[in-house]
Amino acid sequence: MTDLEEIEAIKRLKYRYIRALDCKEWADLGACLATDCRTAYGDGRFSFEGRAAILAFLQESLGAATRISSHRVHHPEIELTGPTTATGVWALDDVVIDAAAKLTIRGAAYYRDEYVKIGGEWKIAETGYRRIYEEMESRTDTPSLALTRNAFAGAGVAP
Amino acid sequence: MTDLEEIEAIKRLKYRYIRALDCKEWADLGACLATDCRTAYGDGRFSFEGRAAILAFLQESLGAATRISSHRVHHPEIELTGPTTATGVWALDDVVIDAAAKLTIRGAAYYRDEYVKIGGEWKIAETGYRRIYEEMESRTDTPSLALTRNAFAGAGVAP
Amino acid sequence: MTDLEEIEAIKRLKYRYIRALDCKEWADLGACLATDCRTAYGDGRFSFEGRAAILAFLQESLGAATRISSHRVHHPEIELTGPTTATGVWALDDVVIDAAAKLTIRGAAYYRDEYVKIGGEWKIAETGYRRIYEEMESRTDTPSLALTRNAFAGAGVAP
């Protein structure tokens, strides 16, 4: 593979990780992580070691059908540091809607990741981000604000 | 062309389609679509067949100078499935401001597209998205909220 | 370098420029600009010539720790126009939070850039954007809205 093909594969890994996260597809998310992956989300406040611990944290934080997340990663600056290692810097935008608590959290950050190629497939070896800003507001401040669509709302969860 | 060049060309097609949509450049938008293109926007609520029907729907929905849209597509996962066929998954963020009705609609979704190469040019053969969430609010909830710039505002449309 | 490698290098330049801007890393931002760079930000309202004048404007506009910016560029349409020249069209989303004035400004735009390769490195030769829309609101309209994280807040700046 050429360097550009490796870089495209690493971008794809990150996109799949985010898609699995926001779609709450936990097995697929796990497949994106090295078994000894380490995280330092939220300026290091949420630091975990190992795929199982990371998955447990993410499922607890974002598993509920009333907890809707939309992460978006941009501006990839990927560096190949060896045949099976790479680093990446990404801009992050994130929105988390807690429909039960009637809260919205929004923010911007920069991810700094490390990747490792295992058995021909890139995996996330380390991931974490530092906030540029984060803000929170009650959704009751804007009386008309209505969630008109929630992919995870089934019986008993509105909408 | 190499696979990466094909993928870059498909990304460019999608970017041109979105730019034409948000800039209300309907002829350019039409040129992005196969003549027998099919859509399933909004979880299939907005399903159309054929370039003419799709253009009619988009112009009716978003043609007004008081209806400002900003679509953003991210996280491309493009697969070449043959020499002239490909699929694509994209994350979508969209904002629609209806300055007349004083409404803002925002949301996130995942597109699943099919592309076809006709006469050396990639076209959108099928496009549609499933919502992660959508929300709507009245712009009058936030009394100070002012539209300070609208590219489409001419005589008689404020601002 | 292949055309795709040149295009990747130009994208990386733009991402570094935005990262330097939002992280207030002015020396790094300056290194992204040709010395005779020209700007036409904000539909040409903010037009400057020369790296020094541009940096002075950006630092004055966004230098304060209470002025948080988050620019995001998307949908790159890069054209190589010669061995050392290129053009680029980008979609922009931007958020500026003025924590002191308690204002948020948000908007969407399209950048049209020119790039030049000098001594083997791509630089921004010309950059400017035209707004699709811009809106402004007082953060006091939403009483609960709180900035919970600001990367630039040190002693005496909340939060």
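Each value, and the rule that gives it
- Residues numbered from 1 in each chain as written.
- Chains lettered and ligands numbered in written order.
- Predicted model: local features only at pLDDT ≥ 70, side-chain atom pairs only at ≥ 80, totals over all residues.
- Heavy atoms only, no water.
- Phe/Tyr/Trp six-rings, centres within 6.5 Å; stacked < 30°, edge-to-face > 60°.
- Helix = DSSP H or I, 4+ residues; strand = E, 2+ residues; numbered from the N terminus.
- Buried < 20%, exposed > 50% of the residue type's maximum accessible area, 1.4 Å probe, protein only.
- Lys NZ or Arg CZ within 6 Å of the ring centre and 35° of its normal.
- Pairing = 2+ DSSP bridges.
- Least-squares fit on C-alpha atoms with pLDDT ≥ 70 in both.
- Contact = heavy atoms within 4.5 Å.
- Buried area = accessible area lost by both parts, 1.4 Å probe.
- Salt bridge = Lys/Arg side-chain N within 4 Å of Asp/Glu carboxyl O.
- Polar contact = N/O pair within 3.5 Å; in protein donor to acceptor, adjacent residues only side chain to side chain.
- Nonpolar A, V, L, I, M, F, W, Y, C, P; charged D, E, K, R; others polar.
- Axes fitted to C-alpha atoms, helices over the stretch in contact; angles between N-to-C directions.
- Parallel < 35°, antiparallel > 145°, perpendicular 65-115°, else oblique.
- Core = buried A, V, L, I, M, F, W, Y, C linked by side-chain atoms within 4.5 Å.

K.L.:
I'd love a proper account of the packing of aromatic side chains, names of residues and values included.
P.N.:
For the structure shown, the criterion picks out 18 aromatic pairs over all chains. Judged by centre distance (6.0 Å) and plane angle (45 degrees), the rings of Y41 of chain B and Y129 of chain B are tilted. With Y41 of chain B in strand β1 (residues 33–41) and Y129 of chain B in strand β6 (residues 121–138), the pair connects residues that are 88 residues apart, well separated along the chain. Considered together, Y41 of chain B and Y129 of chain B belong to a single accessibility category, that of buried residues. Where Y111 of chain C meets Y129 of chain C, the ring centres are 5.3 Å apart and the plane angle is 75 degrees; that geometry is what we call edge-to-face. With a gap of 18 residues between them, Y111 of chain C in strand β5 (residues 103–118) and Y129 of chain C in strand β6 (residues 121–138) connect regions that are remote in the sequence. A network of ring pairs unites the aromatic residues Y41, F46, F48, F57, Y111 and Y129 of chain A as a single cluster. The ring of Y111 of chain B is capped by K14 of chain B, whose NZ or CZ atom sits 3.4 Å from the centre of that ring. Here the basic side chain of K24 of chain C rests over the ring of F152 of chain C, its NZ or CZ set 4.6 Å away from the ring centre.

K.L.:
Describe the pairing of strand β1 (residues 33–41) of chain A, listing the residues and the values that go with them.
P.N.:
Residue and element names in this part refer to chain A. In the sheet, β1 pairs with strand β6 (residues 121–138) via four bridges, with the strands oriented parallel. Across the sheet, residue T39 finds its bridge partner in β6, namely T127. Relative to strand β2 (residues 46–49), β1 runs antiparallel, the two being bridged by four bridges. Bridged to Y41 within β2 is F46. The hairpin formed by β1 and β2 contains four residues between the paired strands, and G42 there has a positive phi angle of roughly 55 degrees.

K.L.:
A description of the relation of the copies chain B and chain A should follow, citing residues and the corresponding values.
P.N.:
In the superposition of chain B on chain A (RMSD 0.0 Å, axial shift 0.0 Å), the rotation amounts to 120 degrees. The symmetry that links the two subunits is that of a three-fold axis. When each C-alpha of chain B is compared by its distance to the rotation axis, T142 of chain B comes out closest, at 4.1 Å. In this assembly, only 10% of the residues forming the interface of chain B have copies in chain A that are likewise at the interface, indicating a heterologous arrangement.

K.L.:
Go over the interface of chain C and chain B with me, naming the residues and quoting the values.
P.N.:
The interface is formed by 30 residues belonging to chain C together with 31 residues belonging to chain B. In this assembly, chain C packs against chain B so that about 2500 Å² is buried in total across both faces, 54% of it on carbon and sulfur atoms. Applying the counting criterion to the chain C and chain B interface returns six salt bridges. The residue E77 of chain C makes a salt bridge to R19 of chain B at a minimum N-O spacing of 2.7 Å. The tally of links from chain C across to chain B stands at 15 residue pairs in polar contact (both at pLDDT 80 or more).

K.L.:
Give me the interface of chain B and chain A: which residues, what numbers.
P.N.:
Between chain B and chain A, the residue contacts involve 30 residues of the former and 31 residues of the latter. Summed over both partners, the interface of chain B with chain A buries about 2400 Å², with 54% contributed by carbon and sulfur atoms. Inspection of the region where chain B meets chain A yields six salt bridges. Among the ionic pairs, R139 of chain A bridges to E135 of chain B, the shortest N-O distance being 2.8 Å. Remark: the boundary between chain B and chain A carries 15 residue pairs in polar contact (both at pLDDT 80 or more). Listed by contribution, the elements that provide at least two residues to the side of chain B that touches chain A are α1 (3–22), β3 (67–82), β4 (85–98), β5 (103–118) and β6 of chain B. Here the residues of the side of chain B that touches chain A sort into 13 nonpolar, four polar and 13 charged. Two strands pair when backbone bridges link them, and strand β7 (residues 146–150) of chain A and β6 of chain B are joined in this way by four bridges, in the antiparallel orientation. Counted as the bridge partner of L147 of chain A is E135 of chain B from β6 of chain B.

K.L.:
Got a sec to walk through the packing of helix α1 (residues 3–22) of chain A against α1 of chain B? Specific residues and values, please.
P.N.:
The geometry of α1 of chain A relative to α1 of chain B is characterised by a closest axis approach of 11 Å and an angle of 50 degrees between their N-to-C directions. Judged on the interaxial angle alone, α1 of chain B and α1 of chain A are oblique. Residue-level contacts link L4, E5 and E8 of chain A of α1 of chain A to L4, I7 and K11 of chain B of α1 of chain B.

K.L.:
I'd like to hear about the relation of the copies chain C and chain B, residue by residue, with values.
P.N.:
Superposing chain C onto chain B requires a rotation of 120 degrees together with a translation of 0.0 Å along the rotation axis, leaving an RMSD of 0.0 Å. Little of the interface of chain C is mirrored in chain B, where only 10% of its interface residues are also at the interface.

K.L.:
Which residues make up the nonpolar core, and what values go with them?
P.N.:
Counting 43 residues, the largest nonpolar core has I132 of chain A together with Y17, L29, Y41, L58, Y111 and Y115 of chain C as its most contacted members. The greatest single-element share of this core, amounting to eight residues, is contributed by helix α1 (residues 3–22) of chain C. In contact with Y41 of chain C, not counting residues within four places along its chain, are Y17, F46, I54, F57, L58, Y111, T127, G128 and Y129 of chain C. Counting 42 residues, the second-largest nonpolar core is a separate cluster that includes L58, W90, V96 and Y115 of chain B.

K.L.:
With reference to specific residues and values, describe the pattern of salt bridges.
P.N.:
In the structure shown here, the tally under the stated rule is 54 salt bridges over all chains. E6 of chain C serves as the salt-bridge partner of K117 of chain C, at 2.9 Å between the closest nitrogen and oxygen. Note that K117 of chain C is positioned in strand β5 and E6 of chain C in helix α1, a separation of 111 residues in sequence. Across the pair, exposure class does not vary: K117 of chain C and E6 of chain C are buried alike. Via salt bridges that share partners, R45, D94, R131 and E134 of chain A belong to a single interconnected network.

K.L.:
Would you mind going over the side chain of E135 of chain C in detail, with residue names and values included?
P.N.:
Tracing the sequence through the fold places E135 of chain C in strand β6. Side chain to side chain, E135 of chain C and R139 of chain B meet in a polar contact 2.8 Å long. Those residues within four positions of E135 of chain C in sequence are excluded, and the remaining contacts are I97, R139, L145, A146, L147 and T148 of chain B together with T104, I105 and R106 of chain C.

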